[in-house]
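Each chain, letter by letter, is given below.
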Amino acid sequence: MSRPKDASRPQARKPRGFPDKSAAMLAAERELVDAISAVYHRWGFDALDTGPFETVEALGKFLPDTDRPNDGVFALEDDDGSWIALRYDHTAPLARYVAEHRAGLPKPFRRYAAGPVWRNEKPGPFRFREFIQCDADAVGVAGPAADAEMIAIAAEAMEAAGAARGEYQIRVNSRLALDAVMEKAGVSDPAQRGTVLRALDKYDRLGREGVELLLGAGRKDESGDFTKGAGLAAEKAGLLLDFAMARAGSRAETLSGLRQLLAGNNTGERAIEEFVQIDEVLTALGVDDAAAAFDPSIVRGLDYYTGPVFEAELLRPFKDADGNEVRFGSVGGGGRYDDLVARFTGEQVPATGFSVGVSRLAAAMAAEAGGAAVGPVVVLVMDRDRVAESSAMAAELRAGGVRAETYLGSSGMRAQMKYADRRNAPAVVIVGEDERARGVVTIKDLKAGAEAAAGVEDNEAWRNERPGQFEAPCSEMVSRIREIVERA
RNA sequence: GCCGCCUUAGCUCAGUUGGUUAGAGCGCUAGAUUGUGGAUCUAGAGGUCUCCCGUUCGAACCGGGAAGGCGGUACCA
């Protein structure tokens, strides 16, 4: 009866966060990668692939806990006892590459990379442990003009990804400005600065009240878990909150607000000057207020960035598989990282870059599109002894540029039709005794057939009508099929 | 990592105050249909009720633990 449990039999279960990808998903990913890469290429970046693994030392400084190299990254011990790990982004490998080959590289060095990255952390909906990033970086360029250009590229990449202007926004801030406001608020302890930055970063999600709690005593979330706050006095927290909320209707308006907030502080003056230059270049490049805004609540990771930082936000909501609206928020980010190469060489090399998370975008678009990918034309086999004839017809279709396959299963016609339907085939080709006798082929347009059948309730009528079906001379088979495929 | 909720057929879910053979819809397979995907009707396959331990004469149901899932939160280079 019931099979005995066999301990040696593995469970057919895949690890979380590594989704199986359908044909539709793969097509969406490839389209996005191609479109975004084309933008980078057009702006003068060269493609470079550094492979999936780096030494943990190369990724090292930014590991959360160097004693446990498997935390955060996927690491394994090499045969010489050293540890290597899968890259968690494209920027750290680039820094290593530049340091390793600095003598032979043109300066500035402009490079783009597209491929999977891996993060060993808790996955969630639209959040994976393996995902594709499309990354562009300019190494050896200092100054806000280079950052402004990256922002313009980010905007163009979003539009190439299918977000019209107004459906996305690049939100720009600066570490300098954050430093300035923390200086003014008297926050100097490194640990406290970290807590403050993390709190400000949550403004989007928690709003002013939530951030206020995190800057002060702390906050209890709805599950009852408590997060300790930065312990700031209300007055200091107020200044930080005013800063985080300083985004106004346009870059110019935000700037004038920041001028007042940061007045009388040296770092603040420098931050303002940086914003002014970025704004000028953005305007010159045609990046308007809808495409890129100054937003002081943008923080991004802690250790890595040294100047301007920015995030690409998708404003258009998507529907998930259950029809619920999903707001995506950030689908890409970047900024200036002047110290990353210096880790290897000791010599400071200024750099700025931007990266798009393609997998989330593709997952969203595929989920919304919902449908399966269009399948091949299926040539049915009516007479098992004449498989070769079907094979020849399928070959003729392929030679004519049509994706086609011969049905090679062992079932009857009904099952073959069901197979074609399930494959989402645009059409089937039927040649049985009748057709052979008259030198014709029967072609059935499955999509037209399904539409025409929607109103037919009577089985006999359905069978007589054979909706979507017609005969054609053998010589016209390829051209008639192509008409159908092109319409699909 | 921490907190909360959940787990019965491929999917969505009923069910039993603990009592012989556990249900529905959808899906799947086959037939009605001799050469036709839809619709309709009929039949069939598919479950140690997530797992382990305990309480009990008896557990899918009660208790404890584990695993997995969902949500929140922390971290996110």
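Keep in mind the model is a prediction, meaning the values are calculated, not measured.

### A look at the confidence of the model for chain A
When pLDDT is averaged along chain A, the result is 89; 93% of the residues meet or exceed 70. Under a pLDDT of 50 for its full length, residues 1-7 has, in the predicted model, one contact with residues more than four places off or in other chains. With pLDDT under 50 throughout, residues 62-66 is counted as low confidence; its partners more than four residues away or in other chains account for nine contacts.

### A look at the sheet that holds strand β18 (residues 427-430)
Pairing in this open sheet of five strands is mixed, and the strands run β17-β16-β18-β19-β20 from one edge to the other. Each edge of the open sheet is held by one strand with a lone partner, namely β17 (404-406) and β20 (469-473). Each strand axis lies, on average, 25 degrees off the axis of its neighbour in the sheet, ignoring direction. Pairing of strand β16 (residues 377-379) with β18, which is carried by two bridges, proceeds in the parallel orientation. Residue pairing in the sheet places V379 in a bridge with V429 of β18. Most of the contacts of helix α14 (residues 413-422) go to β18, to which it runs at about 155 degrees, and overall it touches β16, β17, β18 and β19 (440-445). Here helix α18 (residues 477-487) sits on the sheet in contact with β16, β18, β19 and β20, set at roughly 5 degrees to β19.

### Description of the environment of A394
Tracing the backbone through its elements, the reader meets A394 in helix α13 (residues 387-399). Distance in space between the C-alpha atoms of A394 and A404 is 5.6 Å, their sequence separation being 10 residues. Setting aside residues no more than four positions away along its own chain, A394 makes contact with V379, A404, E405 and T406.

Conventions we followed
Residues numbered from 1 in each chain as written. Chains lettered and ligands numbered in written order. Predicted model: local features only at pLDDT ≥ 70, side-chain atom pairs only at ≥ 80, totals over all residues. Heavy atoms only, no water. pLDDT = per-residue confidence, 0-100. Contact = heavy atoms within 4.5 Å. Pairing = 2+ DSSP bridges. Helix = DSSP H or I, 4+ residues; strand = E, 2+ residues; numbered from the N terminus. Axes fitted to C-alpha atoms, helices over the stretch in contact; angles between N-to-C directions.

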